[in-house]
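Overview (structure and organization)
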Amino acid sequence: MPLIVFASSQLLWVRVAALLFTCVAFSIAAHGAFLQYEIHRGLGDWCIFCWAFSFTCTLLVLLVEHCSLQARVPVSWTNFPITIACYAALFCLSASIIFPVYFLKDQRSRNEVRDYRIVSTVFSCLATVAYAGEVSLTKARPGEVAGYMATAPGLLKVCQTFLACIIFILVSDPVLYNQHAALEWCMAVYCICFILSMAVVVLCVGECTGCLPIPFSKFLSAYGLLAVIMYLTATIIWPVFHFDKQYQRRSDQTNAIIVAVLTAVNFLLYLADLAYTARLVFVTV
C-alpha cells in the first residue's frame, strides 16, 4: 500500500500549528461561547471570520504544496503564501484583542461559557504567534531573489491595507468625517491609498504587474511618494479639525482618537515603504 509522506520542515510544522490553533479557536467559539446573544455579536462574527479565513487559506496552502500543484494555481506562488500568512497574522491579532475586550472583560457569563471564551482567546494568541513565525521564515532575506510580497515593502502594503480597513470601520459607526470638508478629504485619502495599495497586492499575487503601461518599479515609487504626501496631510488635518471645539461633538471621541493614532501609524508605514522602495532591487516571478 502506498504511503502518504509529508516533507518535514520547520515551515510545515508552523503552518500545521497555525491550522490547528485557528481550527480550535473558531470551533470552540462557535460551539460554546454563545456569541449570538451578546450586544457586540457583530464583533464576535468578525473574530470567527478571522479564524475561519485563516484556517481555510492555510489548509489551501498546505494542500497545494503537498500535491505539488503550485504551477497549476493561477496565482504567483512566490507571493501568495506569505501574503496570506501576513493577513492571517493581522486578523488573528485583531481577534486576540477584540475577543477578550468585548467578551471576557466585565462579563458575567456562566463559568462554562467563560471557559470556552478563554480557550478561544488563548488559541487565537497562539495562532498569531504561529503566523508571525511563518512570515518570519518566508520573508526575503538581504540579497535574496524573491517575490515582491516577500520583501519589506510588500509586507508593509499588507499592513497598510489592514489598518485602512480598521479605520473604515471606526469612522463609519458613527460617521466621523461629515463635520467638515477637511475631514472628508481625510476619508478620501484613506480610500485612495487603500485602493492603490490593494491593487499592488492583487497585481503581485495575480502575476499581472506586466499589464501596467509603465514599469512596475516606477509605479511603486510614484505611488509611494503620493501616498506619503496624502497621509501627511491627513495626519495633520484629522486631529486639528476633528478636535477643534468649533466642530467637536459632545459624543464619545474614543473612535476619533484611535483613527488619529492609526492615521499616524499608517503614515509611518508609507514613509518606510517609500524608503525601502527607493533602494530595493527585486525580481517579480
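Rules behind the numbers
Residues numbered from 1 in each chain as written. Predicted model: local features only at pLDDT ≥ 70, side-chain atom pairs only at ≥ 80, totals over all residues. Heavy atoms only, no water. Helix = DSSP H or I, 4+ residues; strand = E, 2+ residues; numbered from the N terminus. Buried < 20%, exposed > 50% of the residue type's maximum accessible area, 1.4 Å probe, protein only. Contact = heavy atoms within 4.5 Å. Areas by Shrake-Rupley, 256 points an atom, 1.4 Å probe, with all protein chains shown as cover. pLDDT = per-residue confidence, 0-100. Core = buried A, V, L, I, M, F, W, Y, C linked by side-chain atoms within 4.5 Å. Patch = residues over 30% accessible without salt bridge, like charges linked within 9 Å, V, L, I, M, F, W, Y side chains within 5 Å. Salt bridge = Lys/Arg side-chain N within 4 Å of Asp/Glu carboxyl O.

**Notes on the overall build of the protein chain**
The number of helices and strands found in the protein chain is 8 helices and 0 strands. Going from the N terminus to the C terminus, the protein chain shows its helices and strands as α-α-α-α-α-α-α-α. For the protein chain, with 285 residues in total, the buried portion stands at 43%. Here the contacts in the protein chain between residues at least 6 apart in sequence split such that 79% fall between residues at least 24 apart. A total accessible area of about 14,900 Å² is found for the protein chain, and carbon and sulfur atoms account for 69% of it.

**Let's talk about the confidence of the model for the protein chain**
Looking at the protein chain, the pLDDT average stands at 86 and 86% of residues meet or exceed 70. Model confidence for the protein chain, summarised as mean pLDDT per element, is weakest for helix H2 (residues 41-66) at 90 and strongest for helix H6 (residues 181-205) at 94. Low confidence marks residues 1-6, where pLDDT is under 50. Its contacts with residues over four positions away, or in another chain, come to 4 contacts. Counting interchain partners and residues more than four positions distant, the pLDDT-below-50 stretch residues 281-285 has 10 contacts.

**Concerning the environment of alanine 188**
As for its position among the elements, alanine 188 is in helix H6. Of the residues examined, alanine 188 reaches a relative accessible area of 27% and is grouped as partly exposed. For the pair formed by alanine 188 and methionine 230, sequence separation is 42 residues and the distance between their alpha carbons is 9.4 Å.

**Quick look at the nonpolar core**
Membership of the largest hydrophobic core comes to 80 residues, with the highest contact counts inside it found for Trp51, Met149, Tyr190, Val200, Tyr231 and Trp238. Secondary-structure elements contributing two or more residues to this core are helix H1 (10-32), H2, helix H3 (80-103), helix H4 (111-138), helix H5 (152-172), H6, helix H7 (216-242) and helix H8 (254-279). Ranked by the residues each element gives to this core, the list is headed by H3, at 15 residues. Apart from residues lying up to four places away in sequence, tyrosine 190 is in contact with Ile167, Phe168, Tyr231, Ala234, Trp238, Val259 and Thr263.

**Overview of a nonpolar patch on the surface**
On the surface, Leu93, Ile97, Val101 and Tyr102 cluster together to form a nonpolar patch covering roughly 340 Å² of accessible area. The topology assignment puts tyrosine 102 in helix H3.

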